[in-house]
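# Reading the structure
What follows is each chain in one-letter form.
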Amino acid sequence: MTKKGYWIAIGKLTSPQGLNVYADALVKWLPSVGGSFLITDLDSIEKEGSTGHSTVVIEFPSKEAAILAYESLEYQNMIALRTPFSDLQFTIVEGKESRYVL
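Residues numbered from 1 in each chain as written. Predicted model: local features only at pLDDT ≥ 70, side-chain atom pairs only at ≥ 80, totals over all residues. Heavy atoms only, no water.

### Some points on the packing of helix H1 (residues 20-29) against helix H3 (residues 73-82)
The condition that has to hold: For helices, the axis comes from a line fit to the C-alpha atoms of the stretch in contact; other axes are also lines fit to C-alpha atoms, and the angle between any two N-to-C directions lies between 0 and 180 degrees. The helix and strand labels rest on DSSP assignments: H or I over at least four residues marks a helix, E over at least two residues marks a strand, and numbering proceeds from the N terminus. For classification purposes, an angle smaller than 35 degrees is called roughly parallel, one larger than 145 roughly antiparallel, one from 65 to 115 roughly perpendicular, and anything else oblique. Whether a crossing is left-handed or right-handed is set by the direction in which the near helix is turned from the far one by less than a right angle, anticlockwise for left-handed and clockwise for right-handed. Any pair of residues with heavy atoms lying within 4.5 Å of one another is described as a contacting pair. In the scheme used here, Gly and all other residues not listed as nonpolar or charged are polar, with Ala, Val, Leu, Ile, Met, Phe, Trp, Tyr, Cys and Pro taken as nonpolar and Asp, Glu, Lys and Arg as charged.
Remark: H1 packs on H3, axes separated minimally by 8 Å, with the N-to-C direction vectors making an angle of 155 degrees. On the basis of their axis angle, the class for H1 and H3 is roughly antiparallel. Classified by chirality, the crossing of H3 by H1 is left-handed. On H3, the residues touching Val-21, Tyr-22, Ala-25, Leu-26 and Trp-29 of H1 are Glu-74, Tyr-75, Met-78, Leu-81 and Arg-82. The residue makeup of the contact of H1 with H3, split by class, is eight nonpolar, no polar and two charged.

### Some remarks on the layout of surface pockets
A water-sized probe rolled over the atoms picks out the places where empty space is left. So the rule is basically this: The definitions used throughout rest on a 1 Å grid laid over the protein atoms alone, on which a cavity is an enclosed set of points accommodating a 1.4 Å probe that cannot get out and a pocket is an open set flanked by protein within 12 Å on both sides along at least five of seven lines; lining residues are those having an atom within 4 Å of a point. Grid points are joined across faces, edges and corners, and a volume is the space filled by probe spheres set on the points.
Roughly 370 Å³ of volume is contained in the largest pocket. Listed by contribution, the elements that provide at least two residues to the lining of the largest pocket are strand S1 (5-13), H1, strand S2 (36-41), strand S3 (54-60), H3 and strand S4 (86-94). The leading source of residues in the lining of the largest pocket is H1, at five residues. When the residues that make up the lining of the largest pocket are grouped by side-chain class, the tally is 16 nonpolar, three polar and one charged.

### Regarding the packing of aromatic side chains
The line we're drawing: Each aromatic pair joins two rings of Phe, Tyr and Trp (for Trp, the six-membered one) with centres within 6.5 Å, and gets the label stacked for planes under 30 degrees apart, edge-to-face for over 60, and tilted for any other angle. Relative accessible area decides the class of each residue, using a 1.4 Å probe on protein chains only: under 20% of the type maximum gives buried, over 50% gives exposed, and in between gives partly exposed.
Tallying each qualifying case throughout the model produces 10 aromatic pairs. Aromatic side chains Tyr-22 and Tyr-75 sit 6.3 Å apart centroid to centroid with 65 degrees between the ring planes, which places their arrangement in the edge-to-face category. Of this pair, Tyr-22 sits in helix H1 while Tyr-75 sits in helix H3; the two residues are 53 residues apart in sequence, bridging distant segments of the chain. Across the pair, exposure class does not vary: Tyr-22 and Tyr-75 are buried alike. Their ring planes at 45 degrees and their centres at 5.5 Å tell us that Tyr-70 and Tyr-75 sit as a pair that is tilted. Given the relative accessible area of 26%, Tyr-70 is considered partly exposed. Aromatic rings pair up to connect Trp-7, Tyr-22, Trp-29, Phe-60, Tyr-70, Tyr-75 and Phe-90 into one cluster.

### Details of the environment of Gly-35
Assignment of secondary structure puts Gly-35 in the loop between H1 and S2. Accessibility expressed as a relative area gives 11% for Gly-35, which makes it buried. If we skip the residues at most four places from it in the chain, Gly-35 touches Leu-30, Ile-58, Glu-59 and Phe-60.

Set out below in structure tokens:
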């Protein structure tokens, strides 16, 4: 069984309305690369640190698919639609088949 891959973006939205073009493009494009939203919370509650109030998690069939999607020309062009209106930390991770304690 292939482990799933995830994009995790947390941070601050400096102009939520400014992100509409990016969000529309992302929603239309994601299915073409096997991506789907798991979490979209624009009012996250920070308990430790100061990462921002926006949290988005997008699932892909594998970590490799998540990397290829991020590195694609289509997504690289979309980044320019997002960056003027947000300050995000963006990470690509691999899911595990079972839960365990580190």
